[in-house]
Amino acid sequence: MQPNSWNSLEIAKLVAGILTPIALAVLGIYLHRLAKRFEYLQWRNQKLTEKRLSVYDSLAPKLNDLFCYFTYVGAWRDMSPTSVVGLKRSIDKEIHLAAPLFGKDFFKALIAFQDTCFETFTGWGRDARLRTECERRREYYSGDWQASWDSLFSENVSSTTSIKLAYAHAMQAFSKDIGVHEQAGASER
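The structure contained in this document is the topic of the report that follows. Not measured: the values here are computed from a predicted model.

1. A closer look at the pattern of salt bridges
- Taken as a whole and assessed by the stated rule, the structure comprises seven salt bridges.
- The closest approach of N and O atoms between Glu94 and Lys62, which form a salt bridge, is 2.3 Å. Of the two residues, Glu94 is situated in helix α2 (residues 81-98) and Lys62 in helix α1 (residues 8-71); the sequence distance between them amounts to 32 residues.
- On the accessibility criterion, Glu94 (17% relative accessible area) is buried.
- Assessed through its relative accessible area of 21%, Lys62 is described here as partly exposed.

2. Description of unusual backbone geometry
- Even without a glycine there, the phi angle at Tyr72 is positive, about 60°.
- Along the chain, the position of Tyr72 falls in the loop between α1 and α2.
- For Phe121, which is not glycine, the phi dihedral falls at a positive 55°.
- For Phe121, the position within the fold is in the loop between β1 (118-119) and β2 (129-130).
- Of the residues examined, Phe121 reaches a relative accessible area of 83% and is grouped as exposed.

3. Here's the deal with the side chain of Asp177
- Locating Asp177 in the fold gives a position in helix α5 (residues 160-178).
- Of the side chains bearing the opposite charge, Arg52 lies closest to the buried Asp177, which forms no salt bridge; the N-O distance is 4.9 Å.
- Look past the residues within four positions of Asp177 in its chain and what remains in contact with it is Arg52, Phe102, Gly103 and Phe106.

4. So, α2
- For α2, which comprises 18 residues, the first-to-last C-alpha distance of 26 Å matches the rise-based estimate of 26 Å (1.5 Å per residue) to within 8%.
- Buried residues of α2: Pro81, Val84, Val85, Leu87, Lys88, Ile91, Asp92, Glu94, Ile95 and Ala98, and no others.
- Among the structural elements, α1, α3 (104-117), β1 and β2 are those in contact with the buried residues of α2.

5. Examining the side chain of Arg137
- Within the secondary structure, Arg137 sits in helix α4 (residues 134-140).
- No salt bridge is formed by the buried Arg137. Its closest oppositely charged neighbour is Glu133, at 7.7 Å.
- Within the local environment of Arg137, its side chain forms a polar contact with the side chain of Thr132, the two groups lying 2.9 Å apart.
- Filtering out sequence-adjacent residues up to four positions away, Arg137 remains in contact with Tyr69, Phe70, Tyr72, Trp76, Thr132, Trp145 and Phe153.

So, how was this worked out
- Residues numbered from 1 in each chain as written.
- Predicted model: local features only at pLDDT ≥ 70, side-chain atom pairs only at ≥ 80, totals over all residues.
- Heavy atoms only, no water.
- Salt bridge = Lys/Arg side-chain N within 4 Å of Asp/Glu carboxyl O.
- Helix = DSSP H or I, 4+ residues; strand = E, 2+ residues; numbered from the N terminus.
- Buried < 20%, exposed > 50% of the residue type's maximum accessible area, 1.4 Å probe, protein only.
- Lys, Arg positive; Asp, Glu negative; His and termini not counted.
- Contact = heavy atoms within 4.5 Å.
- Expected span 1.5 Å × (residues − 1).
- Polar contact = N/O pair within 3.5 Å; in protein donor to acceptor, adjacent residues only side chain to side chain.

Spatial relationships are all this shows, so hold off on functional conclusions.
Okay, here's the thing in C-alpha cells:
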C-alpha cells in the first residue's frame, strides 16, 4: 500500500468527521428556532388571554346588568329605559371592538343575547326598543317615570326564559374563549 493513497474507507471517515459537526450545528439552529417560535406562541397566547380577561372584566358586568333588568332581578327598578339603551350602545361598541380577539361563537352568542333583549332597526335615528313589558317597569321604577320612555318599549316582548337561555349561551361562549371550560373539562376526567 502506498503512503499517499486514499481508500474509500478513509474518505468516508473524513467526510463523516466533517459532516457530523455541520449536521449538529444545523440541528442546533433548527431546534433553537423551534424553541423561539414556541416561546413566541406561548407569549402571544398569554397576552391574548390577558386581553380577553380584560374584555370580560369590562363587558360581563354590563351584560349582567342587562340580564338583571330583563329578568327583573337585582337593581332593575333603578335603571331607566334610556340608561338601558345607553348600556346596549356601550356593549355593542365593546362587542365589535373585541370580535377579532374571540371566536365566531362569542360574537354570535352576544349578538343573539342583544337581539333577545332589544328590537333593533326600528327606523333611522330611532333607538332600539326594549323587549320587555312597559307597564311593570312604569309601576315599579324607583324614580320619576317620563312618559316619553313608553316609546322605547317593543310590542314584541321576550320571555324571561329566552333571556336566561341567551344569556347563559353568551356567557358560555365567553368562558370557552377565555379557556375556563377547557380547564373544567380536564379536571372532570
